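Remarks on the overall topology
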Amino acid sequence: MAHALRAFRHRDFSIFFAGAVVSNSGTWLQGVAVPYVLFQLTESATWVGLATFATFIPIMVLGPIGGTLADRFSRRRILMIGQSFAALFALALYFTYAAGVREPAVVLLITAAMSASAGVTIPAWQAFVPALVPHEDLPSAITLNSVQFNAARAIGPAMAGIVLASWGASAAFLLNAVSYVAVVGALALVRVQLPRLGGRGGSVLRGFRAAFSYLTHRAGIWRGIVLAMLLAFLGNPMLQFTVVWAEEVYDVGPEALGVLTGAIGVGAIAVAPWVAGAMGDVSRAQVVRIGLPVYGAAVLGFGLSTGYWVGVACAAVVGAGFLAVIATTNTAAQSIVAEHFRGRVMAIRVMGFTAAYPLGGLLQGWLADRVGPAVVVSTAGAILLLVGIWFAWQPGWLTPLDDPP
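Scope of this entry: the structure provided in the associated data block. (Residues numbered from 1 in each chain as written. Predicted model: local features only at pLDDT ≥ 70, side-chain atom pairs only at ≥ 80, totals over all residues. Heavy atoms only, no water.)

**Some thoughts on the overall build of the chain**
Per the secondary structure count, the chain includes 15 helices and zero strands. Taken against the 2.2 N^0.38 rule, which gives 22 Å for 405 residues, the C-alpha radius of gyration of the chain at 20 Å falls within 12% of a compact globule. If you line up the chain on its principal axes, its C-alpha atoms span 50 × 50 × 40 Å. Long-range pairs, those at least 24 residues apart, make up 89% of the contacts in the chain with a sequence separation of at least 6. Accessible surface, the chain: about 15,400 Å² in total, of which carbon and sulfur atoms supply 69%. Computed over 22 positive and 15 negative side-chain charges, the separation of the two mean positions in the chain equals 16 Å. (Helix = DSSP H or I, 4+ residues; strand = E, 2+ residues; numbered from the N terminus. Rg over C-alpha atoms; globule rule 2.2 N^0.38 Å. Contact = heavy atoms within 4.5 Å. Areas by Shrake-Rupley, 256 points an atom, 1.4 Å probe, with all protein chains shown as cover. Lys, Arg positive; Asp, Glu negative; His and termini not counted. Charge placed at Lys NZ, Arg CZ, Asp CG, Glu CD.)

As structure tokens, then:
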């Protein structure tokens, strides 16, 4: 545990971590409220899939710009500007919904606008975290950054259940807008000074091509990106179906929905000390060999579940498996990549994930309306499980995750 938490010894990281937990909890609060509202308005899993699409596609499209900015300008300033714009869009969603506008297309449009601001800032966020700690504490910082995201995944949905049941969706949207104050304030308090990297000339496309060429020659980076995309396409759409399971399978209310969705974050938090603490004792490849089949089996179990508490237990294991694979492959990329390519390479990783997630969500939502969500989710879980078993038989494919810097 002490090994896992050593990044907290550094003031800047601790401040940023606290602000990020609050802000991302608000994001997850809205992340539950938006599909809940859309399903209430349309009673269609396809609209829920469109919400996932609108949330992530702008991040993918704007990834080259975000990555280039992160390698050319102050990452802290990029984050402060981007988070401020996201807060304004969250306020717009609140005022629109509170005024009585109940059009699904309006909700999707504002959600997409918020995602556009995230598309510019996420590469800077990923590249900013390693600067808050010395290199020897990098695995701890990266894993704890994933922990704060997954802690928010537990806190935000739990809050969503209470807020949606007590005050409605408009209150959820307002709380998300207010939560951005925490991360902007944390960024203002951080003292870290980042070195200037690279020139300010050259086109975005040319710089991005250079980064893509760079990572194709580093198997530990691109194979980690492939794994992240695999989880995003097949496994992550399960998150959008928690609403469908709560309404149609378990027949529970918004409070229970918050617990169900929050269980994913709880599972991630529970396994995080092992993931962060294992670095140095267990290879990154071995962590993935364990985490991927566990993740696939849990998604399969959720797809087959008909009882609420079985679903909650499976969701917790899903969160544990997800954290193990995502945090480990992210640590591999951050440890291997050269500093002057960090922003763009992390943008490519984010783009891969955010392209696979909405496409998988849209496809699985469309299929769920035709063959049923249980068939879709359990099939995706079975595929992930088989891939995980294949990696156990072919361990060499994952070995480059342990490549040196």
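**Things to note about the environment of Q148**
When you line up the elements, Q148 lands in helix α6 (residues 138–166). Taking relative accessible area as the criterion, Q148 reaches 3% and is therefore assigned buried. It is 23 Å that separates the C-alpha atoms of Q148 and L88, two residues lying 60 residues apart in sequence. In this view, Q148 contacts F17, A20, V21, N24 and W125; residues no more than four positions away in its chain are not counted. Separated by 3.0 Å, the side chains of Q148 and N24 make a polar contact. Here the side chain of Q148 touches N145 through a polar contact of 3.1 Å, side chain to side chain. (Buried < 20%, exposed > 50% of the residue type's maximum accessible area, 1.4 Å probe, protein only. Polar contact = N/O pair within 3.5 Å; in protein donor to acceptor, adjacent residues only side chain to side chain.)

**Structural notes on a nonpolar patch on the surface**
Residues I81, F85, L88, L91, F95, L174, V178 and V181 make up a contiguous nonpolar surface patch of roughly 740 Å² in combined accessible area. Every element with two or more residues in the nonpolar patch is listed here: α4 (75–98) and α7 (169–189). Here the nonpolar patch gets five residues from one element, more than from any other, and that element is α4. (Patch = residues over 30% accessible without salt bridge, like charges linked within 9 Å, V, L, I, M, F, W, Y side chains within 5 Å. Salt bridge = Lys/Arg side-chain N within 4 Å of Asp/Glu carboxyl O.)

**Looking at the environment of F322**
Positionally, F322 belongs in helix α13 (residues 308–336). We classify F322 as buried; its relative accessible area is 5%. For the pair formed by F322 and A268, sequence separation is 54 residues and the distance between their alpha carbons is 7.2 Å. Once residues within four sequence positions are removed from consideration, F322 is found in contact with N150, R153, L231, N236, Y295, A327 and F353.

**Some points on the packing of aromatic side chains**
Per the stated rule, a full pass over the model turns up 19 aromatic pairs. Ring geometry for W245 against F302: centres 5.0 Å apart, planes inclined by 35 degrees, an arrangement best described as tilted. With W245 in helix α10 (residues 238–249) and F302 in helix α12 (residues 284–304), this pair connects stretches of sequence that are 57 residues apart. Judged on exposure class, the residue W245 and its partner F302 are both buried. Members of the aromatic cluster, connected to one another through ring pairs, are W222, W390, F391 and W397. One cation-aromatic arrangement involves R102 over Y97; the distance from NZ or CZ to the ring centre is 3.8 Å. (Phe/Tyr/Trp six-rings, centres within 6.5 Å; stacked < 30°, edge-to-face > 60°. Lys NZ or Arg CZ within 6 Å of the ring centre and 35° of its normal.)

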